[in-house]
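What the coordinates show
Below, each chain spelled out in residue letters.
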Amino acid sequence: ASLPPEVFHWIPFVGSSIAYGNDPLDFFFKCREKYGDVFTFTLLGRRVTVALGAKGNNFVLGGKSTAFSAKEAYTHLTTPVFGKDVVFDVPNEIFMEQKKFVKVGLSTDNFRAYASMFEQEVDDFMRSDQAFTIWQMNDINEWGRFDVTDIMAQITILTASRTLQGKEVRSGLDKSFSTLYNDLDGGFTPLNFMFPNLPLESYRRRDEAHKKMSEYYTDIIRKRRESGHSDEPDMISSLMDQKYRDGRPLRDHEIAHIMIALLMAGQHSSAASGSWTLLHLAHNVEVQEALYQEQVNHFGNPDGSFRPMTYDGFRKLPVLDSIIRETLRMHPPIHSIMRYVRSDVPIPATLAAPSQDSIYVVPKGYYVLASAAVSQVDPRIWANPMKWDPTRWSDPEGVAAQAFKTYSGENGEKVDYGFGAISKGTESPYQPFGAGRHRCIGEQFAYLQLGVVISNIIRKVEVRLEDGITEIPAHNYHSMITMPKKPRNICYRRRRF
Ligand code: HEM
């Protein structure tokens, strides 16, 4: 057995940190040219073995938790932000129980209540926000302009807090809660991932914000318990009702910390996805009109107004669905998923091997890394991978489905992934929500939230890129979640209805 090939670098410790940090996709594609699907690079002293492609995704995300640990890869980043006794601060089995608690709260009944709440929040926001004053415009032909990520971030936190987080958090947003959120968020960056403890103001503010936010939630829980009002269709209510396998109910601070984790998990990923979606719609007017027509066909009244959005109504909108799916293909919010290696792990020869009768081993103490962002735009798998083309999803016999059927492996062999593999298995090139035991549980919530938000905006306004801008912005990889680089403006005009 031997070690996977190492990416060449001049400076020890620093290694390939700069190349990876600035543009991980470009770095990975270049390394693949030289070294194949599996290689090791140095990230500020850490050895990180990258496994690319569907088989690489499977190797990392389908690995045993005794061998690959998410906890040891992430706890120094997440625990100061989320808090004690949840997620990566507890043994994996406990976290898995906590994930099940959250799943119970993400119920169809709750989703039924959420659709109209999302719609209402977007309506109110578009009516009132200073940056997005469509209703203040007198002339219907007047064009306005906004920074898409600023606006999507506000809409995301408003909609998530009104629903999942509950009414107390929603009303706190207008006051103290948003400052706390911003301070906490300032402690959830690649810098915090690389350096758990630095004597910096942002670290101090993070710790203080965590304490206050934790108290904010435990206060809500206590008040609800005292008043007997704990039957809201939100996550706090749901968590207050549940018990660990040994019969113990969740303690207040555990509920508080799970709520913080959900806030952080959902906020940037949904805000980023919504931003990229609107940018593509602004760029591609034909698809935008198809989306608008789909809304008219499903919800339109003869007088030009729309019927309210419902959860069930949103389950069968193929244009909307393929738009989100395609956006997440090209812009998955999370470009790298890492695990800490707890014991030497052999790499399957079908993924990569030094020769026919030898194998590679990833040693204990390394990290492994999967990147769906690479496999989702791999020209070996996808036709025109850099073209945003939602129609590739809309037809089971279409480009995407066919691509899976005819995907050629390294040696030209045919590999049949089938459609089911796209969402279920760990061996798939399409994994914006991850796979395996750490897979996202917020997918349905995010689809509903994004779906209602985007369609509600498109019902009310037409969007375009700014004059003279012919491409959507490039990726900014300097935050935990991949955001569009500035400028990232959207121009909009009221529709005639
Ligand atoms: C895990 C993506 C929205 C909660 C994940 C993972 C990915 C992901 C890739 C796997 C991480 C890993 O394996 O280390 C996304 C995307 C979203 C989204 C693209 C939106 C477009 C949400 C929302 C919530 C949420 C709205 C909460 C309501 C979680 C949780 C996990 C997770 C609890 C499990 C982490 C683990 O088990 O280690 N998400 N997510 N996500 N996500 Fe999401």
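In this report, the structure presented in the accompanying data block is examined. (Residues numbered from 1 in each chain as written. Predicted model: local features only at pLDDT ≥ 70, side-chain atom pairs only at ≥ 80, totals over all residues. Heavy atoms only, no water.)

Remarks on the nonpolar core
F28, F41, F59, Y217, L278 and L281 are the most contacted members of the largest nonpolar core, which totals 142 residues. The greatest single-element share of this core, amounting to 15 residues, is contributed by helix α13 (residues 252-283). Of the domains in this structure, domain 1 (1-82 + 337-370) and domain 2 (87-332 + 436-494) are the two that each give at least three residues to this core. The contact partners of L281, leaving out residues within four places of it in the chain, are V287, Q288, L291, I323, W388, I454, I458 and V463. (Core = buried A, V, L, I, M, F, W, Y, C linked by side-chain atoms within 4.5 Å. Buried < 20%, exposed > 50% of the residue type's maximum accessible area, 1.4 Å probe, protein only. Helix = DSSP H or I, 4+ residues; strand = E, 2+ residues; numbered from the N terminus. Domains from an automatic or database assignment. Contact = heavy atoms within 4.5 Å.)

Remarks on the site of the ligand
Taken together, 24 residues lie near the ligand, and F95, K99, R339, H438 and C440 sit nearest. Between an oxygen atom of the ligand and a side-chain N or O atom of K99, the distance comes to 2.8 Å. Between an oxygen atom of the ligand and a side-chain N or O atom of H438, the distance comes to 2.6 Å. For the shell around the ligand, the secondary structure elements donating two or more residues are α5 (92-105), α13, β5 (337-341) and α20 (443-460). (Near = heavy atom within 4 Å. Polar contact = N/O pair within 3.5 Å; in protein donor to acceptor, adjacent residues only side chain to side chain.)

Concerning the side chain of D185
Mapped onto the fold, D185 is located in helix α9 (residues 176-185). Despite being buried, D185 has no salt bridge partner; R205 is the closest side chain of opposite charge, sitting 11 Å away. In this view, D185 contacts M264 and H268; residues no more than four positions away in its chain are not counted. (Lys, Arg positive; Asp, Glu negative; His and termini not counted. Salt bridge = Lys/Arg side-chain N within 4 Å of Asp/Glu carboxyl O.)

Observations regarding a nonpolar patch on the surface
A contiguous nonpolar patch, built from F8, W10 and I11 and spanning about 450 Å² of accessible area, is present on the exposed surface. Mapped onto the secondary structure, F8 falls in the segment before α1 (17-22). Taking relative accessible area as the criterion, F8 reaches 56% and is therefore assigned exposed. (Patch = residues over 30% accessible without salt bridge, like charges linked within 9 Å, V, L, I, M, F, W, Y side chains within 5 Å. Areas by Shrake-Rupley, 256 points an atom, 1.4 Å probe, with all protein chains shown as cover.)

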